[in-house]
Amino acid sequence: MRTIDWVDGAVELIDQTALPGRLTVLRLDTVDELVAAIQRLAVRGAPALGVAGALGVALAAHRPGDTTAAVHLLEHARPTAVNLARGVRRAAARLPEGADAVLAEALTVRDEEIAASAAMANLGADLLAELCGERPRLLTHCNTGALAAVVGGTALGAVLELHRRDALGAVLASETRPLLQGARLTAWELGRAGVPYRVAVDGAGPFLMARGEVDGVVLGADRICANGDVINKIGTYAHALGARRAGIPFVVVAPESTVDPDTADGAQVEIEDRGAAEVLSYGHPPEQRDDLRERDDSGERDDLRERDGRPAGVGAGDAVNPAFDVTPYELVTAIVTERRVIRLDRGERV
Ligand code: MRU
């Protein structure tokens, strides 16, 4: 099943906010609906966002209305992953040729990501086997599986490939605050693939590495800068520091569509801040709270009730909620794309 696709004239995608509780497919007929889905992370992950952006332009092209405004909305729906703006621009460049040409380009973006996932899984698995020893115990962060791509995935694709080769020791999936993409999505994907895993609480990674329980860290990227700096889900930098301190490899797996030679380094990248409510509301996205209310027959129910117009469960005070961080290239052992392995530890450059 594809995470996102064009089906009979509309965009269909798996609603990632409903997982792991419910596997729901959303059918989106308008650009406004798609932009809202992108912003609430119903569809997320850099490669999937690139496809969503491109398919969004196809939606706009197939309906009456202002395509320039639609392109602008899509391109700026989220700022950090380079794939989104890139996918939008690629499809938008075909607008003068008509709606069918735009759709063809969007489907090419989709197909390229599918092909990239398969190639990255193999190259990534080869490198992890080489760097991390036999049957490595790997830690991964956030979600980089099929849900973040279209099928396959990036870093998790390489982990799954090692499992297929019967060459995987163990997997730790860090829970990934604030929306728990690791605990909800990576765990769900690993479970479906029959891979034994443990979820690690978010702050535990560096300590587990120091205690000798991890042979390598493998994760994805939302943007890779010209100097090799890696922008990825918040918490990535801490894992890189932990890996360096523990002397274990820190490997990034991402498609060429995430490599951004036009951005010199991480300091130039806009880091999305997702606001306080997302952090101060028990870590559950709003869409899950109804479920929680239904399931909960303990005293927690009272705490989940809306109070004073504030989202359920929100405490007092403010929060800081950067969705991503910057890992300096010096901390990265290697970057794997579908075409190459860049050994930053040996002085190779993007
Ligand atoms: O905010 P998200 O869930 O869209 O961010 C995705 C990530 O940060 C992932 O960690 C990732 O590595 C990029 S997608 C393979």
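Below is a summary of the structure that appears in this document. (Residues numbered from 1 in each chain as written. Predicted model: local features only at pLDDT ≥ 70, side-chain atom pairs only at ≥ 80, totals over all residues. Heavy atoms only, no water.)

Remarks on the sheet that holds strand 1 (residues 4-7)
The sheet built from three strands is open, its strands ordered 1-2-3 with antiparallel pairing. Looking at which strands have only one partner, the edges of the open sheet turn out to be strand 1 and strand 3 (25-28). Averaged over all neighbouring strand pairs, the angle between strand axes comes to 25 degrees, with direction disregarded. Against the sheet, helix 2 (residues 46-61) touches strand 1, strand 2 (10-14) and strand 3, its axis set at about 20 degrees to strand 1. (Pairing = 2+ DSSP bridges. Helix = DSSP H or I, 4+ residues; strand = E, 2+ residues; numbered from the N terminus. Axes fitted to C-alpha atoms, helices over the stretch in contact; angles between N-to-C directions. Contact = heavy atoms within 4.5 Å.)

Some thoughts on helix 2
In a regular helix each residue adds 1.5 Å, so 16 residues correspond to 22 Å; helix 2 covers 23 Å between its end C-alpha atoms and thus fits that length. Counting buried residues along helix 2, 15 of its 16 residues qualify, which places the element largely inside the surrounding structure. (Expected span 1.5 Å × (residues − 1). Buried < 20%, exposed > 50% of the residue type's maximum accessible area, 1.4 Å probe, protein only.)

A few points about the site of the ligand
Near the ligand, the surroundings consist of 17 residues, among which R44, R78, D222, N232 and K233 are the closest. Q181 has a polar side-chain atom sitting 3.0 Å from an oxygen atom of the ligand. Here an oxygen atom of the ligand sits 2.6 Å away from a polar atom, N or O, in the side chain of N232. For the shell around the ligand, the residue count by class is six nonpolar, seven polar and four charged. Two domains each donate at least three residues to the shell around the ligand, and these are domain 1 (4-113) and domain 2 (120-264 + 326-346). (Near = heavy atom within 4 Å. Polar contact = N/O pair within 3.5 Å; in protein donor to acceptor, adjacent residues only side chain to side chain. Nonpolar A, V, L, I, M, F, W, Y, C, P; charged D, E, K, R; others polar. Domains from an automatic or database assignment.)

Some words on the environment of L280
Within the fold, L280 resides in helix 10 (residues 277-280). Taking the relative accessible area as the measure of exposure, L280 reaches 21% and is therefore partly exposed. Sequence spacing of L280 and P178 is 102 residues, and the spatial spacing of their C-alpha atoms is 9.1 Å.

Considering the packing of helix 1 (residues 31-39) against helix 3 (residues 67-75)
The N-to-C vectors of helix 1 and helix 3 enclose an angle of 10 degrees; their axes lie 10 Å apart at closest approach. With respect to each other, helix 1 and helix 3 are oriented roughly parallel. On helix 3, the residues that touch V31, D32, L34 and V35 of helix 1 are A70, L73 and L74. Looking at side-chain class alone, the contact of helix 1 with helix 3 contains six nonpolar, no polar and one charged residues. (Parallel < 35°, antiparallel > 145°, perpendicular 65-115°, else oblique.)

Description of the pairing of strand 4 (residues 137-140)
Here four bridges tie strand 4 to strand 5 (residues 170-174), and the two strands are oriented parallel to one another. Residue pairing across strands places R137 opposite A170, the latter belonging to strand 5. The parallel pair strand 4 and strand 5, bridged by helix 6 (residues 155-164), forms a crossover whose chirality is right-handed. Inspection of the sheet shows strand 4 paired to strand 7 (residues 216-219) by two bridges, in the parallel sense. Residue pairing across strands places L138 opposite G216, the latter belonging to strand 7. (Right-handed = clockwise from strand over helix to strand, strands pointing away.)

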